[in-house]
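Given next are the chains, with one letter for each unit.
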Amino acid sequence: MSRGKETVSTGTDWEEMAGYSRAVRIGDRILVSGTTATGPDGPVGEGDPVAQIHFIVDKIEAAIQQLGGVLNDVVRTRVFISNIDDWEPVARAHGERFGHIRPANTLVEARLVGSEYLVEMEAEVVIGAGDAV
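Quick notes on the rules
Residues numbered from 1 in each chain as written. Predicted model: local features only at pLDDT ≥ 70, side-chain atom pairs only at ≥ 80, totals over all residues. Heavy atoms only, no water. Helix = DSSP H or I, 4+ residues; strand = E, 2+ residues; numbered from the N terminus. Contact = heavy atoms within 4.5 Å. Expected span 1.5 Å × (residues − 1). Buried < 20%, exposed > 50% of the residue type's maximum accessible area, 1.4 Å probe, protein only. Arc of directions from axis to C-beta.

A. Region of interest: the environment of Leu 118. Residue position: Leu 118 is located in the loop between β7 (104–109) and β8 (119–126). Put simply, Leu 118 and Asp 41 are 77 residues apart on the chain and 17 Å apart in space, counted from C-alpha to C-alpha. Among all residues touching Leu 118, those that are not within four sequence positions of it are Gly 47, Asp 48, Pro 49, Gln 52, Phe 80, Ile 81, Ser 82 and Leu 112.

Here it is as structure tokens:
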């Protein structure tokens with residue numbers, strides 16, 4: 001049975017302003033938008049890229065679960081960091097969360113929107129991919 005397009009929002013001002021969803025599911029695929037460490041009261045983990053990536057992964061996992069997936073279904077991540085010197089602690093934190101899943105991954109330095117944001121991440125999911133993990 002084919003599922004229509006489903007979306008999930010986390011309610012950030014940016015989602016409404018820029019007209020996007022946190023995540024979109026079409027069929028067995030979930031695509032998660034670039035996600036920063038933004039909580040209900042603003043930035044989380046200012047000055048700490050490791051705290052930010054852990055918050056981001058939790059936020060991404062919640063969006064995936066709302067659309068019927070699990071973190072083990074992640075097949076690709078893209079991580080953007082504002083300071084290349086943070087690559088190793090961010091990569092290690094990514095490894096803590098995804099080491100058993102082993103998705104395809106890219107990590108690049110990028111100019112992020114807002115100096116308080118040190119990390120941004122997006123993810124691609126295939127429902128059921130985690131069954132093989």
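B. Representation of helix α3 (residues 87–98). Spanning twelve residues, α3 covers 16 Å between terminal C-alpha atoms, matching the ideal 16 Å at 1.5 Å per step. Turning to α3, its buried residues number three or more, namely Val 90, Ala 93, His 94, Arg 97 and Phe 98. Angularly, the buried residues of α3 cover 120° about the axis, an arc narrow enough to put them on a single face. Of the residues in α3, the exposed ones pointing more than 90 degrees away from the buried face are Arg 92 and Glu 96. Lining the buried residues of α3 we find α2 (49–66), β6 (74–81), β7 and β8.

That's the geometry; what it means functionally is another story.
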